[in-house]
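Observations on chain architecture
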Amino acid sequence: MISVSMPTYARIDLAFERGEGAYLYGEDGKKYLDFGSGIAVTAFGHANDHITETIQKQAAALCHVSNLYRIPEQERLAERLVLSTFADTVFFGNSGGEALECGIKLIRKFHYHLGMPERHRIITFGGAFHGRTIAAISAGNQAKHIEGFAPLLEGFDQVPFGDVDAVRAAVGPETAGILVEPIQGETGINVAPEGFLQSLREIADERGILLFFDEVQCGMGRTGRLFAHEWDDVIPDVMASAKALGAGFPISACLSTERAAAGMIAGTHGSTFGGNPLACSVANSVLDLMLAPGFLQQVESRGTLLRERLETLVVENSAVFESVRGRGLMLGLKCVLPNTEVIDVARGEGLLVVIAADNVVRLLPPLNVEEGQIDEAIAVLCRVCSQVS
Ligand SMILES: *Cc1c(COP(=O)(O)O)cnc(C)c1O
């Protein structure tokens, strides 16, 4: 008999009763150190005081009114995102997939608005993950995601990640934009090669097409900058944000320059829930914490510490681990042994980490992880090594 929750997930047989900071308390009576953060979502751990108080206060005042009316909390959030990024304007949705959807529509509308409706194709990259809507799986074009869902959305051309020449060759008269994750998450923490994003910017400028960054996973402080592309000294025309934006409360954003959003006039796009007072208040409280002086530098230095400790672990356990990759607190351990085995044994020892493709284990601790918790995670991974090898 089918499970009452549609069986689209291969779930681990473990549930949690509550969380506190970097820890989750399981129904099995055990305490777990959470280095997965619900897949890069709970950036300030569980039950953070500031975020919890915001939810309680806003829920008691006003949750939802619809975008038929002005929403001051949404205006404030948009203004803060605009002040902190390349963007001039922001559309709010409820999930990463919706932010991608908005960006894809915006890119097509941009060229239509300029009188070039033939420009509708978007270049994407091998290994990309942009979500599970039809548009998103069409953009990602991964066999395991698209099988059985044809016909897909037409208009995506995929080239190898990091291959500038292939991008140049793929741009044609119908090309409208380039969509890329500055760091690919689901595919195993692949950082864009040095200079790659800058080359994409040059190609986009030369050919009059738009550059769209998917920062759903790598953005919102994860790498030690508010957005990962800031490391590369390059700006997009459009960007998707979600996951940590609400730190556990569902909200996403599609950020754009004024020029790129020229076609997105009243009536062209919408969302019933998107940007409601509750979601925006929570995201504002996330920004309070993230933009606090010194916070992002702390993320960077904790990331450096975790990385150094992992590098040592890899050297000392070359039969289990091959290498470390990533940036800030978005790190991947490429395994020699099956990653599933490493993850299962780590969980048994009280450490939660996340699977990725390419036999990688993702470490995505809360951004306010403490140094002692990094020590604790490394101690568990050492125990994992002695158990499996
Ligand atoms: C998670 C993710 C998405 C999809 O987000 P949902 O909220 O699951 O729709 C899109 N892009 C990237 C890079 C992601 O990591």
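None of the values given here were measured: they were computed from a predicted structure.

With that out of the way, let us pick up the nonpolar core. Membership of the largest hydrophobic core comes to 83 residues, with the highest contact counts inside it found for F35, M290, L310 and L333. Split by domain, this core shows at least three residues from each of two domains, domain 1 (16-34 + 294-388) and domain 2 (50-290). Dropping the residues within four chain positions of it, F35 is found in contact with L306, L351, L352, V353, R362, L363, L364, P365, V369, Q373, I374 and A377. I107, V216, A240 and C254 belong to the second largest nonpolar core, which has 22 residues in total.

Taken as a whole and judged by the stated rule, the model has 1 cavity of 30 Å³ or more. As a volume, the largest cavity reaches approximately 30 Å³. A128, F129, H130, G131, A136, I137, G140, N141, Q142 and H145 are the residues that line the largest cavity. Ranked by residues supplied to the lining of the largest cavity, first place goes to helix α5 (residues 134-140) with 3 residues. Its residues placed into classes, the lining of the largest cavity shows 4 nonpolar, 6 polar and no charged.

Time to look at the side chain of S37. Along the chain, the position of S37 falls in helix α1 (residues 37-40). Not counting residues within four places of it along the chain, the set of residues in contact with S37 comprises T42, R222, L364, P365 and P366.

What follows is about the domain arrangement of the protein chain. Under the domain assignment used here, the protein chain contains domain 1 (16-34 + 294-388) and domain 2 (50-290). Domain 1 and domain 2 are separated by 28 Å when their C-alpha centres are compared. Contact residues are listed per partner, giving 21 residues for domain 1 and 21 residues for domain 2. Interface area, domain 1 with domain 2, both sides summed: about 1,800 Å², of which 61% is carbon and sulfur. Three residues stand out in domain 1 for area buried against domain 2, namely L296, R327 and M330, and they jointly supply 41% of the buried area on that side. E186 is paired through a salt bridge with R362; the nearest N and O atoms lie 2.9 Å apart. Where domain 1 packs against domain 2, one counts 7 residue pairs in polar contact (both at pLDDT 80 or more). For the side of domain 1 that touches domain 2, the elements supplying multiple residues, two or more each, are α10 (295-316), β13 (321-327), β14 (330-335) and β17 (360-363). When residues in the side of domain 1 that touches domain 2 are grouped by element, the largest group, 4 residues, is from α10. By residue class, the composition of the side of domain 1 that touches domain 2 is 13 nonpolar, 3 polar and 5 charged.

The mixed open sheet is built from 4 strands, whose spatial order is β1-β2-β3-β15. This sheet does not close on itself; its edge strands, each paired only once, are β1 (16-20) and β15 (351-352). Bridge analysis of β1 against strand β2 (residues 23-26) gives 4 bridges, and the strand direction is antiparallel. Each residue of the ladder has a partner; that of G19, found in β2, is L24.

Scoring rules and cut-offs
Residues numbered from 1 in each chain as written. Predicted model: local features only at pLDDT ≥ 70, side-chain atom pairs only at ≥ 80, totals over all residues. Heavy atoms only, no water. Core = buried A, V, L, I, M, F, W, Y, C linked by side-chain atoms within 4.5 Å. Buried < 20%, exposed > 50% of the residue type's maximum accessible area, 1.4 Å probe, protein only. Domains from an automatic or database assignment. Contact = heavy atoms within 4.5 Å. 1 Å grid on protein atoms, 1.4 Å probe; cavity = no way out; pocket = protein on both sides within 12 Å on 5 of 7 lines; lining within 4 Å. Points joined across faces, edges and corners; volume = space filled by probe spheres on them. Helix = DSSP H or I, 4+ residues; strand = E, 2+ residues; numbered from the N terminus. Nonpolar A, V, L, I, M, F, W, Y, C, P; charged D, E, K, R; others polar. Buried area = accessible area lost by both parts, 1.4 Å probe. Salt bridge = Lys/Arg side-chain N within 4 Å of Asp/Glu carboxyl O. Polar contact = N/O pair within 3.5 Å; in protein donor to acceptor, adjacent residues only side chain to side chain. Pairing = 2+ DSSP bridges.

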